[in-house]
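# Breakdown of the fold
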Amino acid sequence: MEYNVDSTPYLSLFAALSYGAASMAMVFINKAILMQYANSMTLLTLQQLMTTLLIRFGRVMGYTKARELNIETAKKLVLVSLFYNANVAFALASLKGVNIPMYIAIKRLTPLAVLIAGFFSGKGRPTTQVTLSVLLTAAGVLVAALGDFSFDLFGYSMAFTSVFFQTMYLVLVEKSGAEDGLSSVEIMLYNSVLSLPFLLFLIIATGEFPNSLSILFAKSTSLSFLVILILSLVMGIVLNYTMFLCTIVNSALTTTIVGVLKGVGSTTLGFVLLGGVQVHALNVTGLVINTAGGVWYSLAKYQQKKRNKLPKLTSDVEVRSK
């Protein structure tokens with residue numbers, strides 16, 4: 001199913017809500033599956049393979065009008081796909097050792113990393129509100145980490161590495177415009193196809209394969225595991241589709257804001273679902289500070305975007321009045 005970029009308000013709302021719901025669900029589903037099956041790279045490979053096969057099937061059956069792969073477009077998207085999948089791979093690896101509230105708190109450091117990358121690439125200084133909000137978010141992570149009694153150095157390292165690759169992905173997409181003119185389904189297809197050789201090399205080089213498949217088949221006799229595995233594979237596709245759709249029919253800013261608001265709900269639920277959280281005053285205080293910084297950042301960016309639109313709107317009115 002394809003959508004025109006000139007979306008209706010209903011489609012915009014649907015895209016934002018569906019991305020928020022899928023993103024929130026995916027964190028818990030991935031955490032649940034990784035508690036039983038620790039081979040995160042194999043899991044990501046299966047998700048991307050499932051995406052490729054499903055889109056191919058959709059094209060054959062006429063459910064989607066996604067165009068055939070183009071070598072020139074693929075060349076432009078190789079690095080984008082590499083950074084995107086590295087972000088997801090390290091995020092999955094971090095969930096094996098980091099509880100959900102802390103994982104979300106660390107991932108909220110992405111705007112700070114993007115601002116730093118933008119400053120060194122000559123993008124200019126951000127507004128005072130944006131700067132203060134991302135600093136507040138970072139301070140919240142530091143305070144929360146000091147009160148995290150389940151601290152896992154490997155998990156934290158993976159989460160911070162995921163932030164780095166997510167930043168590289170966002171900066172590269174913005175600078176190159178590599179995804180311009182592609183539908184959400186086409187972006188998913190390129191992303192999954194380009195990522196498979198890299199992921200296959202990774203699971204062989206790290207020694208996950210073929211032992212990971214043996215474990216997978218052995219665990220598949222459990223109905224509960226099978227249900228969570230299928231949910232993980234399906235929701236991986238749904239999350240990618242809704243994220244790309246939200247960015248196309250709304251904007252990257254809307255996707256960021258939805259991600260922050262989703263994080264508020266995920267953080268709250270993370271204290272009571274799937275365990276792994278030892279409640280401590282310092283940890284809770286840090287998470288509250290981090291969440292407040294995330295919401296403040298979203299508001300500051302939204303206001304900045306509105307201000308940037310005003311001169312253009314004024315000039316449009318002037319032209320029409322002449």
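As a starting point, this report considers the structure included with it.

Conventions adopted
Residues numbered from 1 in each chain as written. Predicted model: local features only at pLDDT ≥ 70, side-chain atom pairs only at ≥ 80, totals over all residues. Heavy atoms only, no water. Axes fitted to C-alpha atoms, helices over the stretch in contact; angles between N-to-C directions. Helix = DSSP H or I, 4+ residues; strand = E, 2+ residues; numbered from the N terminus. Parallel < 35°, antiparallel > 145°, perpendicular 65-115°, else oblique. Left-handed = near helix turned anticlockwise from the far one by under 90°. Contact = heavy atoms within 4.5 Å. Nonpolar A, V, L, I, M, F, W, Y, C, P; charged D, E, K, R; others polar. Phe/Tyr/Trp six-rings, centres within 6.5 Å; stacked < 30°, edge-to-face > 60°. Buried < 20%, exposed > 50% of the residue type's maximum accessible area, 1.4 Å probe, protein only. Salt bridge = Lys/Arg side-chain N within 4 Å of Asp/Glu carboxyl O. Core = buried A, V, L, I, M, F, W, Y, C linked by side-chain atoms within 4.5 Å. Patch = residues over 30% accessible without salt bridge, like charges linked within 9 Å, V, L, I, M, F, W, Y side chains within 5 Å. Areas by Shrake-Rupley, 256 points an atom, 1.4 Å probe, with all protein chains shown as cover.

### Focus on the packing of helix H3 (residues 71–95) against helix H8 (residues 184–205)
- As a packed pair, H3 and H8 sit with axes 9 Å apart at the nearest point and diverge in direction by 65 degrees. What the angle tells us is that H3 and H8 run roughly perpendicular. Along this stretch, H3 crosses H8, giving a crossing that reads as right-handed. Contact with H3, carried on its side by Thr 73, Ala 74, Leu 77, Val 78, Ser 81, Leu 82, Tyr 84 and Asn 85, involves Tyr 190, Asn 191, Leu 194, Ser 195, Phe 198 and Leu 199 of H8 and no other residues of that element.
- Along the lines of polarity and charge, the residues of the contact of H3 with H8 split into 9 nonpolar, 5 polar and no charged.

### Quick look at the packing of aromatic side chains
- By the definition in use, this model includes 5 aromatic pairs.
- Between Phe 83 and Phe 165 the ring centres are 6.1 Å apart and the planes differ by 35 degrees, which places this aromatic pair in the tilted class. With Phe 83 in helix H3 and Phe 165 in helix H7 (residues 153–176), this pair connects stretches of sequence that are 82 residues apart. For the residue pair Phe 83 and Phe 165, the accessibility class agrees, reading buried in each case.
- Taking 5.5 Å as the distance between ring centres and 10 degrees as the angle between the ring planes, the aromatic pair formed by Phe 90 and Phe 165 counts as stacked.

### Details of the pattern of salt bridges
- According to the stated counting rule, one finds 4 salt bridges in the structure shown.
- Glu 186 serves as the salt-bridge partner of Arg 67, at 2.8 Å between the closest nitrogen and oxygen. In this pair, Arg 67 is assigned in the loop between helix H2 (40–61) and H3 and Glu 186 in helix H8, connecting sequence segments 119 residues apart.
- Given a relative accessible area of 48%, Arg 67 falls into the partly exposed group.
- Ionic pairing is found between Glu 72 and Lys 75, a salt bridge with its closest N-O pair at 3.8 Å. Residue Glu 72 and its partner Lys 75 are located together in helix H3, separated by 3 residues, close to a single helical turn.
- A cluster of three or more residues bridged by salt bridges with shared partners is formed by Arg 56, Arg 59 and Glu 68.

### Considerations on the nonpolar core
- Ranked by internal contacts, the top residues of the largest apolar core, which has 34 residues, are Ile 33, Leu 34, Met 102, Tyr 103, Ile 106, Phe 225 and Leu 229.
- Here this core gets 6 residues from one element, more than from any other, and that element is helix H4 (residues 100–107).
- Residues within four places of Tyr 103 in sequence aside, it is in contact with Val 27, Ala 91, Ser 94, Leu 95 and Val 98.
- By size, the runner-up hydrophobic cluster in this structure holds 33 residues, among which are Tyr 19, Tyr 190, Cys 246 and Val 249.

### Looking at a nonpolar patch on the surface
- On the surface, a nonpolar cluster with roughly 570 Å² of combined accessible area is contributed by Leu 54, Phe 57, Val 60, Met 61 and Tyr 63.
- Examined against the element boundaries, Leu 54 turns out to sit in helix H2.
- Residue classification places Leu 54 among the partly exposed positions, given a relative accessible area of 45%.

### Notes on unusual backbone geometry
- Here the amide bond leading from Phe 209 into Pro 210 is cis, since omega sits at 5 degrees, within 30 degrees of zero.
- As for its position among the elements, Pro 210 is in the loop between H8 and helix H9 (211–219).

### Focus on the packing of H8 against helix H10 (residues 223–249)
- Contact geometry of H8 with H10 gives a least axis separation of 8 Å together with a crossing angle of 130 degrees. Comparing the axis directions of H8 and H10 gives the class oblique. Crossing of H8 over H10 shows right-handed handedness. Between H8 and H10, the contacting residues are Ser 184, Val 185, Ile 187 and Met 188 on the first element and Ile 237, Asn 240, Tyr 241, Phe 244, Leu 245 and Ile 248 on the second.
- Residues of the contact of H8 with H10, tallied by class, amount to 8 nonpolar, 2 polar and no charged.

### A word on the environment of Gly 58
- As for its placement among the helices and strands, Gly 58 is situated in helix H2.
- The contact partners of Gly 58, leaving out residues within four places of it in the chain, are Tyr 63 and Thr 64.

### Some points on the side chain of Asn 290
- In this fold, Asn 290 is placed in helix H12 (residues 281–321).
- Setting aside its immediate chain neighbours within four residues, Asn 290 contacts Ala 105, Arg 108, Thr 137, Gly 140 and Val 141.

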